[in-house]
Amino acid sequence: MKGGIWMRDQLSWKVGGQQGEGIDSTGEIFAIAMNRLGYYLYGYRHFSSRIKGGHTNNKIRVSTNEVRSVSDDLDILIAFDQETIDLNSHELHDNGIIIADSKFKPEKADETGASLYVVPFTEIAADLGTSLMKNMVAIGATTGALGLDVNQFEEVVKEIFGRKGEKVVEKNMEAIRQGAAYFKKESGGQIENLKLNEADGRRRMFMIGNDAIALGALSAGVRFMPAYPITPASEIMEYLIKKLPDFGGTVIQTEDEIAAATMAIGSNYAGVRALTASAGPGLSLMMESIGLSGITETPLVIVDTQRGGPSTGLPTKQEQSDLMAVIYGTHGDIPKIVMAPSTVEEAFYDTIQAFNLAEEYQCPVILLSDLQLSLGKQTVEPLDYNKIEIRRGKLDLQQEIPARGDKSYFKRYEVTEDGISPRVIPGMVNGIHHVTGVEHDETGKPSESPSNRQSQMDKRLRKLSNLKFDTPVHKKAPHEEADLLIIGYVSTRGGIEEAIPRLENEGLKVNHAQIRLIHPFPSEELRPLVESARKVAIVEHNGTGQLANLVKMNVGHAEKIHHILKYNGNPFLPKEIHNKCKELF
Amino acid sequence: MATFKDFRNNVKPNWCPGCGDFSVQAAIQRASANVGLEPEQLAVISGIGCSGRISGYIQSYGFHGIHGRSLPIAQGVKMANRDLTVIASGGDGDGFAIGMGHTIHAMKRNIDITYIVMDNQIYGLTKGQTSPTSAEGFTTKSTPSGSVESPLSIMEMALATGCGFVAQGFSTDLKDLVSLIEQGINHKGFSFINVFSPCVTFNKVNTYDWFKEHLVNLNEIVGYDTSNRGMAMQTIIEHNGLVKGLIYKDDKKKSYQEAAHGYSDKPLTGTDLKLPEEKFNELVAEFM
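The rules behind these values
- Residues numbered from 1 in each chain as written.
- Chains lettered and ligands numbered in written order.
- Predicted model: local features only at pLDDT ≥ 70, side-chain atom pairs only at ≥ 80, totals over all residues.
- Heavy atoms only, no water.
- Helix = DSSP H or I, 4+ residues; strand = E, 2+ residues; numbered from the N terminus.
- Rg over C-alpha atoms; globule rule 2.2 N^0.38 Å.
- Contact = heavy atoms within 4.5 Å.
- Areas by Shrake-Rupley, 256 points an atom, 1.4 Å probe, with all protein chains shown as cover.
- Lys, Arg positive; Asp, Glu negative; His and termini not counted.
- Charge placed at Lys NZ, Arg CZ, Asp CG, Glu CD.
- Domains from an automatic or database assignment.
- Salt bridge = Lys/Arg side-chain N within 4 Å of Asp/Glu carboxyl O.
- Polar contact = N/O pair within 3.5 Å; in protein donor to acceptor, adjacent residues only side chain to side chain.
- Nonpolar A, V, L, I, M, F, W, Y, C, P; charged D, E, K, R; others polar.
- UniProt positions renumbered as here; feature names shortened; annotations may be inferred.
- Buried < 20%, exposed > 50% of the residue type's maximum accessible area, 1.4 Å probe, protein only.
- Pairing = 2+ DSSP bridges.
- Axes fitted to C-alpha atoms, helices over the stretch in contact; angles between N-to-C directions.
- Buried area = accessible area lost by both parts, 1.4 Å probe.
- 1 Å grid on protein atoms, 1.4 Å probe; cavity = no way out; pocket = protein on both sides within 12 Å on 5 of 7 lines; lining within 4 Å.
- Points joined across faces, edges and corners; volume = space filled by probe spheres on them.
- Right-handed = clockwise from strand over helix to strand, strands pointing away.
- Parallel < 35°, antiparallel > 145°, perpendicular 65-115°, else oblique.
- Left-handed = near helix turned anticlockwise from the far one by under 90°.
- Phe/Tyr/Trp six-rings, centres within 6.5 Å; stacked < 30°, edge-to-face > 60°.
- Lys NZ or Arg CZ within 6 Å of the ring centre and 35° of its normal.

Per an unreviewed UniProt entry, chain B goes by the name 2-oxoacid:ferredoxin oxidoreductase subunit beta and belongs to Exobacillus caeni.

Written as structure tokens, this is what we have:
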């Protein structure tokens, strides 16, 4: 995929160096400026579980069309140290370039055919007053390579440094200008094949999946978030602690994830939508609470941003290995909904949906994300206010409950045809009832009677038999009979979508299903696609094929199901999916 | 106006005859009426164990959760609806073993709820094992040769957390207990009341008579000052924690609700969930 149209419509850029030396902000400033010009971006950070030191990089894909995946290769590598060159050069194609700081006397890694340009990032910055501005010089050099007008960065620089005064803004702009000028001189003019087609100039949102989840929570009416910090979920609580006070609400940083989940249960029981979010280790601690939500029929929404497991595992790396735990975790049988948005847009709408479903079906809802979706920063199409809908099921806050003279409790767990009982909240007159994690009768009083156990279990377990869920499987299935059906969930969507046209170019008929409702499993939606495909490839980030096993269990056809697994911590590249699928034929 | 009888329901407790928890139940019912509550304005959130059943024995909203977690559930309820009176309740195993992390942090956080522990120095519902407050040498099913661990000094711990209301009662002293619970409910912030509530079936050491013999009434100590944290700590140490009455009270400390930036002074249950469109557009624009 070198040269030609590909090169002009998109570009892949990476900046790397030591953690804590401004690598993230370099990428951020470059990305925001490109986003403002109307390009679509996809950024993925490689970072370690430490504050300072260790290699970090930020890879940003810039395109005139929508992109949802890390790119296969690299056009420009900005290096602040030799390690960056050594670790990342293999991604560069032969027409690619390395722009490196003169400070560390950069040397090309042996295997690369890319060209090396040395620019004194640190020296130029130091001459302008502070070596901290070396990242702005690097951005300048990038604009030189791409033939961009440096003034297009002025708006962003003003926004970021405006508070520090006119002088600081000017110094940073000067760093960009000098970086651009130096690169142009060094390279003898712009490098033609890196020039990007002009973008449409439209302003779009640029956000990580966690931003979309947090904004979705606010839009769903969440007013309280108890949570314990964890990678890669913390951005959700960090956003909400900034915003909730404007709506009278707040975030409490709890002592642990058990407190977070049970506090959320307390709030939801009392009638206020509360969110908590965590990753694998926190989810493991929440398991008993999830059961409590199930048996007490208290709405609960938990976001699980999956990362490398088990135990502390790979805390800053991509994985999708919590699937079995979130479906089957917690002892006993409970109704539970597990959702899996596959894009940032879906993460926004699904978060709202999660709260509606939790209240309508009075059960726990787990929204599964993964590190790549939660932290990958990308351009997002406009979110539609008119699609925000609040549904609270059988909770009616305005109702007047008739008095019962005999101190009998309100039948909060009344056995109904649809399995869903009327719901009231504390404070409501004549609504008094008991709630307990012990098996209970229709009023919430503990009961061990076999017939009551049977009827309450049946009531709870039939609640989801009529679950209404919009688009449980995202399907792109143009072929009635396909050679291959590719199935994935959460963030693998982008990579799969890029691999498919390549496979089709090679003569294969390929259908695609991205599963958005994990539990209850949408067997009926998926079955025709599985049946009409010669082979099925299930692409997922774990070592045992958890999603594949779910499909085998629910849909069958194990003989044609193939596992495409990746669990080394890095996201799938489109070419990896492409190659693994090709090997099946 | 409701009387204590309105807080009685028609459920017969499954506690053993003579259990100390009956008096705690009665004290909560009387205190709730005395402070002017209606049954629907009270939410009793309890843990697991014999004492955890208490939420089902009071005519009010009640939530019997999971072992050790009554406090976070109760804090969630209060954060959602600050107009409710919220009482969290459970035993010494629930609050000082499995739930200890929450106990310390609830005290530190200072959300305006009342926490009543029925402390019997034993695990009753699981039929007689050692508890965090069992004495050294105490023989139980899980410590057949006598406990080799020393008991937690819960009152010292409560004072160390900065808890703004620390009291200890004894379940036979109903009148005093009612008064302590009333004061706890009226206190603006987290209030902690530990109640010695003897287990007549499994604890043959810490009996009613034993407590009567050992407990020192703080009201009878001349010059005892409930606003003096140092004096409180010293007195507890001197009497090995065996005191009853109001131990310490800090009226100046702000509750979490008063201190939290932007937190609504009205119950969040009344919020309109739908964001206004202009507000939504503003939030969206911040990402552009």
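Some words on the overall build of chain B
Each helix and strand in chain B was counted, giving ten helices and ten strands. Against the globule reference of 19 Å for 288 residues, chain B gives a C-alpha radius of gyration of 20 Å, in line with a compact fold. Considering only contacts in chain B between residues 6 or more positions apart, those separated by 24 or more positions represent 70%. Accessible surface computed for chain B: about 11500 Å², of which carbon and sulfur atoms make up 51%. One finds the centroid of the 25 positive side-chain charges in chain B at a distance of 4 Å from the centroid of its 29 negative side-chain charges.

A closer look at the domain arrangement of chain A
Residue and element names in this part refer to chain A. Taken domain by domain, chain A consists of domain 1 (4–203), domain 2 (207–387) and domain 3 (473–582). Contacts between the two partners involve 18 residues from domain 1 and, on the opposite side, 16 residues from domain 2. At the surface where domain 1 touches domain 2, the tally comes to one salt bridge. Our enumeration of links across domain 1 and domain 2 arrives at eight residue pairs in polar contact (both at pLDDT 80 or more). Across the side of domain 1 that touches domain 2, the residue classes break down as eight nonpolar, five polar and five charged.

Observations concerning the UniProt feature "domain: Thiamine pyrophosphate enzyme TPP-binding" (unreviewed entry) in chain B
With numbering matched to this structure, UniProt assigns "domain: Thiamine pyrophosphate enzyme TPP-binding" (unreviewed entry) to residues 49–195 of chain B. Counted over residues 49–195 of chain B, helix gives 33% and strand 22%. Its end C-alpha atoms are 15 Å apart.

Quick look at the pairing of strand E10 (residues 275–278) of chain A
Residue and element names in this part refer to chain A. What you see with E10 is no split at all: Leu275 and Ala277 on one side and Thr276 and Ser278 on the other are buried throughout. Pairing of E10 with strand E11 (residues 300–306), which is carried by four bridges, proceeds in the parallel orientation. Note that in E11 the partner of Leu275 across the bridge is Val301.

Remarks on the sheet that holds strand E15 (residues 434–436) of chain A
An order of E15(A)-E2(B)-E1(B)-E3(B)-E4(B)-E8(B)-E7(B)-E10(B)-E9(B) is seen for the nine strands of this open sheet, with the pairing classed as mixed. Unpaired on one side and paired on the other, E15 of chain A together with strand E9 (216–217) of chain B mark the two borders of the sheet. Examined bridge by bridge, strand E1 (residues 42–46) of chain B and strand E2 (residues 61–64) of chain B share four bridges and lie parallel to one another. Within E2 of chain B, the position partnered with Val44 of chain B by the bridge is Gly62 of chain B. Strand contacts of helix H2 (residues 70–80) of chain B: E1, E2, strand E3 (85–91) and strand E4 (114–119) of chain B, with the helix running at about 175 degrees to E3 of chain B, the strand carrying the most contacts.

Considering the interface of chain B and chain A
Counting residues at the interface gives 58 residues for chain B and 72 residues for chain A. Carbon and sulfur atoms make up 65% of the surface buried where chain B meets chain A, a total of about 5400 Å² over both sides. Area buried by chain B at its contact with chain A is led by Tyr61, Leu273 and Phe287 of chain B, which between them contribute 16% of it. The interface formed by chain B and chain A contains two salt bridges. A salt bridge links Glu255 of chain A to Arg109 of chain B, with the shortest nitrogen-to-oxygen separation between them at 2.7 Å. Between chain B and chain A we count 24 residue pairs in polar contact (both at pLDDT 80 or more) in total. Elements represented by at least two residues in the side of chain B that touches chain A include exactly E2, H2, helix H4 (100–109) and helix H10 (277–285) of chain B. A total of seven residues in the side of chain B that touches chain A trace back to one element, the largest contributor, which is H2 of chain B. Here E15 of chain A pairs with E2 of chain B via three bridges, running parallel. Counted as the bridge partner of His434 of chain A is Gly62 of chain B from E2 of chain B.

What about the layout of surface pockets?
Roughly 800 Å³ of internal volume is contained in the largest pocket. In terms of lining, the largest pocket is formed by 29 residues, of which the most central are Glu28, Ile208, Asp211 and Lys377 of chain A together with Phe287 of chain B. Looking at the lining of the largest pocket element by element, the count peaks at eight residues for helix H2 (residues 23–36) of chain A. In the lining of the largest pocket, the residues fall into twelve nonpolar, five polar and twelve charged. Residue-level mapping places the lining of the largest pocket at the junction of two domains, with at least three residues from each of domain 1 (4–203) and domain 2 (207–387) of chain A. Here the second largest pocket defines a volume of roughly 690 Å³. Forming the walls of the second largest pocket are 24 residues, and the residues nearest its centre are Ser25, Ile29, Ile160, Phe161 and Lys164 of chain A. Elements with a contribution of two residues or more to the lining of the second largest pocket: H2, helix H5 (134–146), helix H6 (154–161) and helix H7 (166–187) of chain A.

Remarks on the pairing of strand E21 (residues 561–565) of chain A
Residue and element names in this part refer to chain A. With five bridges joining them, strand E20 (residues 533–540) and E21 adopt parallel strand pairing. Looking at the pairing, Val536 lines up with Ile561 of E21. Regarding the hand of the β-α-β motif, the stretch spanning E20, helix H18 (residues 546–555) and E21 is right-handed.

Focus on the packing of helix H16 (residues 492–505) of chain A against helix H19 (residues 574–582) of chain A
Residues and elements named next belong to chain A. One can describe the packing of H16 onto H19 by two numbers: an axis separation of 8 Å at closest approach and a directional angle of 50 degrees. Put simply, H16 runs oblique to H19. Two packed elements cross with a definite hand, and for H16 against H19 that hand is right-handed. Judged by residue contacts, Gly495, Ile496, Glu498, Ala499, Arg502 and Leu503 of H16 engage Pro574, Lys575, Ile577, His578, Cys581 and Lys582 from H19. Residues of the contact of H16 with H19, tallied by class, amount to six nonpolar, two polar and four charged.

With respect to the packing of aromatic side chains
Applying the stated criterion to the full structure yields 17 aromatic pairs over all chains. Ring plane angle 50 degrees and centroid distance 5.3 Å describe the contact between Phe80 of chain A and Phe121 of chain A, whose orientation is recorded as tilted. On the criterion of sequence distance, the pair formed by Phe80 of chain A in the loop between strand E4 (74–79) and helix H3 (82–88) and Phe121 of chain A in helix H4 (residues 121–127) is long-range, its members being 41 residues apart. Its relative accessible area of 0% is what places Phe121 of chain A among the buried residues. For the pair Tyr117 of chain A and Phe183 of chain A, a centre-to-centre distance of 5.1 Å together with 65 degrees between the ring planes defines the contact as edge-to-face. On the criterion of sequence distance, the pair formed by Tyr117 of chain A in strand E6 (residues 115–119) and Phe183 of chain A in helix H7 is long-range, its members being 66 residues apart. Of the aromatic side chains, those joined through ring pairs into one cluster are Phe170, Phe196, Tyr208, Trp210 and Phe211 of chain B. Here Lys185 of chain A stacks its cationic end above the ring of Tyr182 of chain A, 4.6 Å away from the centre of that ring. Here Lys535 of chain A stacks its cationic end above the ring of Phe585 of chain A, 5.2 Å away from the centre of that ring.

Things to note about the pattern of salt bridges
Residue and element names in this part refer to chain A. In this structure the tally under the stated criterion is 42 salt bridges over all chains. Glu381 is paired through a salt bridge with Arg204; the nearest N and O atoms lie 3.6 Å apart. In this pair, Glu381 is assigned in the loop between strand E14 (377–380) and E15 and Arg204 in the loop between H7 and strand E7 (205–208), connecting sequence segments 177 residues apart. The class for Glu381 is partly exposed, based on a relative accessible area of 23%. Taking the relative accessible area as the measure of exposure, Arg204 reaches 3% and is therefore buried. Look at the salt bridges and you will find they share partners, linking Glu66, Arg68, Glu346, Asp350, Arg493, Glu497 and Arg516 into a network.

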